[in-house]
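Next come the chains, spelled out residue by residue.
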Amino acid sequence: MGLSLAGRRALVTGAGKGIGRSTVQALHAAGAQVVAVSRTQADLDSLVRECPGVEPVCVDLGDWEATDRALGGVGPVDLLVNNAAVALLQPFLEVTKEACDTSFDVNLRAVIQVSQIVARGLIARGAPGSIVNVSSQASQRALTNHSVYCSTKGALDMLTKVMALELGPHQIRVNALNPTVVMTPMGQANWSDPQKAKTMLDRIPLGKFAEVENVVDTILFLLSDRSSMTTGSTVPVDGGFLAT
C-alpha cells in the first residue's frame, strides 16, 4: 500500500529522540522533505548525518517567542507531526506550579502554536494537509503520579477534535495517536523493572508493549492520503489497553 509521501514537506517536533527521530527517518526514506525540530542540537547534528537533506531547527517549544522566531518563516509545510512532550511525574499532592507550567507549555500550548503556523500556511496556499498529534493512552486512563501528564494528553485529544472541526473545511485533517508504553530507549529504561512492567502488561490484552515502528507506521498512514476520510480521531496503538 503506497503512501505517496514523496515530495511532500513535513515538520516533526521532538525529532531528536525516540518516536520523533524514527518518524523523521521513515519520512526521509519515503522521499519526503523533512524539517526536524528539537531542543537538543547534538541530536539534530547526528540526525542530519544519518538523513542528509533533513532541515534541522533547534528551539525549545516551551518558549513561545523563540518558537515564533524559529518557525515563523519555516515555509510551506504539508504534513505536521506534533510529537514533542515532557512527562514530569509527581504524586497529586506534590504537583508543583513549575511542573504544570512546563507540561502544558510543551504538551499543549506548543501544539497550538506550531499547528497555527502550519495551518495558516496551508490555508494561504489553498493546499490540503494532515496533522498528527502524538497523544497517549494516558489521555483516557488514570495512572498513578501522572495527574499533570494525563491532563495534558486529555486536553490534547479534545484539542485534536476541535482542530479537526475548524480546519476540516480547509481540507486539513487532524488526528491523534494514543500509544501505550513504547520501546524507545527511554521506554526501555523506564519499564525495565519486571514487576513494574507486569502491572501494565497485565492490562494489555496482547501482553506486550509497542515497538517504535508500530507507532511510526500509524503516523505515516494518518499523514498519507490513504487515510483521507479520517479526521478528528484518537487512534489507539495500545495492544487493547483502552478496551479493558
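Residues numbered from 1 in each chain as written. Predicted model: local features only at pLDDT ≥ 70, side-chain atom pairs only at ≥ 80, totals over all residues. Heavy atoms only, no water.

The name recorded for the protein chain in an unreviewed UniProt entry is L-xylulose reductase, from Phocoena sinus. According to UniProt, the comment filed for the protein chain under the heading Subunit (unreviewed entry) is "Homotetramer." According to its UniProt record, the protein chain has this under Catalytic activity (unreviewed entry): "xylitol + NADP(+) = L-xylulose + NADPH + H(+)". (UniProt positions renumbered as here; feature names shortened; annotations may be inferred.)

J.: Teacher, can you tell me more about the pattern of salt bridges here?
T.: It is possible for side chains of opposite charge to pair when their charged atoms get near one another. For the coordinates displayed, the defined rule picks out seven salt bridges. Taking the shortest distance from any N to any O, the salt bridge between Arg-21 and Glu-50 comes out at 2.9 Å. Here Glu-50 lies in helix H2 (residues 41-50) and Arg-21 lies in helix H1 (residues 18-29), a separation of 29 residues in the sequence. We classify Arg-21 as buried; its relative accessible area is 13%. Its relative accessible area of 47% is what places Glu-50 among the partly exposed residues. (Salt bridge = Lys/Arg side-chain N within 4 Å of Asp/Glu carboxyl O. Helix = DSSP H or I, 4+ residues; strand = E, 2+ residues; numbered from the N terminus. Buried < 20%, exposed > 50% of the residue type's maximum accessible area, 1.4 Å probe, protein only.)

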